[in-house]
Amino acid sequence: MTVKKRKKTSKGLKYIISLLLIVLFLGGAGFLYVSFLAAKVITKCQGMKWEIPSKVYSAPVPIYPGLDLNAFGLYEYLKDLGYRRVKGIPKMPGSFFKTRSLLFIYQRSFDYPSAHIDARLVKIYHKNNVVVKIVDGFGKSTLSRLLIEPMEIAALFGNKREERYLVNLDQVPKHLVNATLAIEDRRFYEHGALDFRGILRAFSKNLLAREIKEGGSTLTQQFVKNMFLTHERSLWRKFNEAIMAMILEWYYTKDDILEMYYNEVYLGQKGSVEIHGVGEAARFYFGRSVEKLDLDQCALLAGLIRAPNSYSPYRDYQAALQRRNLVLKTLFELKKITRSQYEETVRTPVEAIGFSYGKAQAPYFVDYAIVQIKDLYPRKVLGSIGLSIFTTLDIQIQRWAREALQEGLNKLEANHPSLSKGGGLQAAVVVIESSTGRILAMVGGRDYATSQFNRVTQAVRQPGSLLKPLVYTAALIEGYSECSMLEDKPVHVALKDGTVWSPANFNNKYLGEVPLIKALAFSLNGATVRLARELGFEKIYDLAFKMGHPKGRFRVPSMILGACEMSPLDIANLYSVFASHGLSCSILSIRNVLDREGNRLHMKRIRMKEVLDPSVSEVLENILRCATMYGTGKGLSSYGFAGAAGKTGTSNNERDAWFAGYLNGYLAVVWVGRDDNAQIGLTGAQAALPIWGEIMKKINLGRPSKGVSRTSNLVRRYICIDSGGLARRNCPRKWEGIFLSSDQIRSLKRCPLHGWPSFRRSYRR
Amino acid sequence: MRIILNLLFVSALFLAPLMTGCAKKEIHYYSPPSIDFAPLPKPSLPHYGTTQKMVINGKEMLEKGEIEKALDIFEEAYTLDPSNPWPVFYLSKTWATKGNYEEAREFAKRAKWLFSDNRDGEIISLRQEAYCLKALGYISESRELLEKARELER
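Structural notes, computed from the coordinates. What you see is a predicted model; the values in this text were computed from it and never measured.

Right, let's talk about the pattern of salt bridges for a bit. Taken as a whole and judged by the stated rule, the model has 48 salt bridges over all chains. Of the charged contacts in the structure, one is a salt bridge between Glu76(B) and Arg145(A), with a shortest N-O distance of 2.5 Å. Separated into two different chains, Glu76(B) in helix 3 (residues 67-80) and Arg145(A) in the loop between strand 10 (141-143) and strand 11 (146-148) make up a pair that spans both. What makes Glu76(B) partly exposed here is its relative accessible area of 22%.

See below:
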């Protein structure tokens, strides 16, 4: 061989080897890249594929015979839930129709903690808006009570704001599957990951039209694009999409892919939240679970896939109708439905149930509720595991509390303009059902957007005279009665550190000898401290601890006049013992926690413990009623209801204004003050009592009594609260006193101040 | 003849108390009443009927052994109408069935207070509380309550 030939051969070899090396390198890189994509697909598809937000719900609303629907606010509640008022018997879930004697409600399906209730029509017979009978679906069966679904008060999202209700393929109706395949990918079960025929068809159509009119993507490709990639229109993205689709088809069956597709597909928008999956879309558009969808609804959903916002019935009814009819026509052409089905369905209007954006109703309460379960479910986890958290919140009472707080503070600032400077006034309200401990409303501040600091649970302030009832409770236990005479005079108490504590009355006025009922009703410091000293301060601390007041650092005499720090929730916890006639109930904010399959994970039960003799609490309640009638709380008489028991509280230098009171089983505590702890110059009666009065007025009208009505065995006599004697006709302030035993009234004499003997004495003079 | 009759009469006077004293005292803690058996305090609240029906449903659940469902129903009935002692009484029974006697005792005490002018209701609540106390090991307190119940029965 010549030298030239040898050189040629070696060059050729080099080229071949280089080519081989390049091919090997590319092949290796390609293999690695495909492995990387495969790992991405498998990891995502095998693990938790989606973040399902956890939802926080208010308490469901019970309707039963005897309930006044108007006063209860049912119609308002239905509207808040997004129910539409229709003319005629409702045909869609999420609507209601009212006549003079009948109320039809087509309820949406809902997963209650106790059971799943499908969408159903109920008929409520009423007379003057008072429920007479409740019947399920055209007189089939009578219901003893009806639960209206709770309102979603918060959705706890993870990284994405997506709502999704997971379904299995078995749950997806056949019509929806046929409609989806007909309009999106007819040969889904025939082709592989890529549909080359479809690609060629789309390519030729687009070439003729000189624009992109049709895509050739399969359902698998669509799923891959939504799940793993962006919507960027590029060859690289298309390339990745194709590879990942092939990987997906390699590892999963067609049914698996279709199921994942149905849980991923984007189907609309609810404010800032995206609706994903047919499960959630069925509830969002039709108020029913996906299994219950009719042919026309399936066709509409399938039609939405291409452009959910353009074809949404909430945005463009005509576009939705046309798109749905196109899907129906396609189904008919493919012989998936009969002619009669097509003709009948195409004539039906598109009906969607409507939705409400769900304003943040109780953000402070939601924060508090989440804290209760943070040990089990941290906030980050809640955003992805799809829990349903059922709380105790009463939406109406929450609204009343929020409005009363806002209006009350605005009025105070309007009347005292100096209070609006430097951040303005703040307030906190908590309403509790005393017999069960359920929190019905919680407003932790004026505006959550400005300050998320929850003043109900986190603001510890001096409660002032709110703790005085502890002293009088201890006295009643020791055998004192409402008419026991006390000395209201200046008092000095020697403390353990050698100093002397000398509390004074408001305005430094002392009334001398007063009956016990007057001392508490008029909040007399002198009489209270003398009484506490006589009983022994340790007894009062022990009683306070037993009733739920924290021990330890508050074991100082000044505690009885409120020289300690407590939050409104602490005060509510304490007063709930009085309001419930001696029971200490655990404060409840969450009742049930369900997982996304509807299985109950946690349930908080009602727990109670008798910490005070009910008879003693009955007497104390009577004294606190006197306080709202004649004493420091007498401003309540202008609110049109009687029988409220309550106590005002004003801290030193008028920095904090309080009112804690209860009526018919509902206990509310209101605090007004400033975050910078500056003086507000207002008492509890001036600042907090009006807010309390507004809330309780609405509760009194709009909610049935939850008070305990039972025949009391205690002795009752009319007394004069000024003298402590048995009342005469002339006594200006008579009160029906309650006594623990008849021995307590044996020593009582007729009122010496207002009877005709005093007239005789003055006449003789 | 007269002497024999007198002797018989006197012996009967002496023997009768002894015979009753020898009878074995069975301790009945409680016998579950039917819902209609004891008239309740005046039903002043409109949802009294609703809560009574719920108590009947709850009883059925309890008899079937579905304790959690029974608790759900009784708690809901109690929430609707805290004046009605029957949900409270059955909450006590259900907690006792579950083995939680502390809770059961508290509910029994409450039921007793709510059955204020209802002697039969008081009796069954006393017995229920006595049963719980016995289960908790407070035998003497339990016997005291049973005695009270017997006194009321007389």
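Next, the rest of the story.
Residue and element names in this part refer to chain A. Taking strand neighbours across the sheet as the criterion, the 5 strands line up as 18-17-29-28-27 in an open arrangement whose pairing is antiparallel. Edge strands, defined here as strands with exactly one partner in the open sheet, are strand 18 (438-443) and strand 27 (645-650). The mean angle between the axes of side-by-side strands here comes to 10°, regardless of whether they run parallel or antiparallel. Here strand 28 (residues 656-663) pairs with strand 29 (residues 666-673) via 8 bridges, running antiparallel. From the neighbouring strand, Ala-657 faces strand 29, where its bridge partner is Val-672. Packing against the sheet, helix 15 (residues 395-415) makes contact with strand 17 (426-433), strand 18 and strand 29, and its axis sits at approximately 35° to strand 18.

Moving on, we get to unusual backbone geometry. Residue and element names in this part refer to chain A. Notably, Asn-129 is not glycine yet its phi reads approximately 70°, a positive angle. Relative to the elements of secondary structure, Asn-129 occurs in the loop between strand 8 (120-127) and strand 9 (130-136). Positive phi is not limited to glycine here, since Asn-664 has a value of about 50°. Counting through the fold element by element, Asn-664 comes out in the loop between strand 28 and strand 29.

Before going further, it helps to spend a moment on the nonpolar core. All names here are of chain A. Of all hydrophobic cores here, the largest spans 151 residues; its most connected members are Ile-63, Ile-105, Ile-148 and Tyr-472. Tallying contributions element by element places helix 20 (residues 568-579) first for this core, with 8 residues. Residues within four places of Tyr-472 in sequence aside, it is in contact with Leu-486, Leu-516, Ala-519, Leu-520, Leu-524, Ala-527, Thr-528, Leu-531 and Leu-620. In this structure, Ala-38, Ile-257, Leu-295 and Ile-353 belong to the second largest nonpolar core, which totals 63 residues.

With 33 residues of chain A at the contact, the number on the chain B side is 29 residues. Counting each side, the surface lost to burial between chain A and chain B is near 3,000 Å², with a carbon and sulfur contribution of 52%. At the surface where chain A touches chain B, the tally comes to 7 salt bridges. Glu103(B) is the salt-bridge partner of Arg607(A), the closest N and O atoms lying 2.9 Å from each other.

Our focus in this paragraph is the pairing of strand 4 (residues 95-98) of chain A. Residues and elements named next belong to chain A. Note: strand 3 (residues 84-85) against strand 4, 2 bridges, orientation parallel. Paired with Arg-85 across the two strands is Phe-96, which belongs to strand 4. Two elements, strand 4 and strand 5 (residues 102-107), share 4 bridges in a ladder whose sense is antiparallel. If you follow Ser-95 over to strand 5, its bridge partner there is Tyr-106. Between strand 4 and strand 5, which pair antiparallel and follow one another directly, the connecting turn spans 3 residues.

This part takes up helix 18 (residues 525-535) of chain A. Residue and element names in this part refer to chain A. For helix 18, the tally of buried residues reaches 8 of 11 residues, placing the bulk of the element in the interior. When helix 18 is considered as a whole, its buried residues turn out to be Asn-525, Gly-526, Ala-527, Thr-528, Val-529, Leu-531, Ala-532 and Leu-535. Positive phi shows up at Gly-536, right after helix 18, with a value of about 105°.

What counts, and where the lines are drawn
Residues numbered from 1 in each chain as written. Chains lettered and ligands numbered in written order. Predicted model: local features only at pLDDT ≥ 70, side-chain atom pairs only at ≥ 80, totals over all residues. Heavy atoms only, no water. Salt bridge = Lys/Arg side-chain N within 4 Å of Asp/Glu carboxyl O. Helix = DSSP H or I, 4+ residues; strand = E, 2+ residues; numbered from the N terminus. Buried < 20%, exposed > 50% of the residue type's maximum accessible area, 1.4 Å probe, protein only. Pairing = 2+ DSSP bridges. Axes fitted to C-alpha atoms, helices over the stretch in contact; angles between N-to-C directions. Contact = heavy atoms within 4.5 Å. Core = buried A, V, L, I, M, F, W, Y, C linked by side-chain atoms within 4.5 Å. Buried area = accessible area lost by both parts, 1.4 Å probe.

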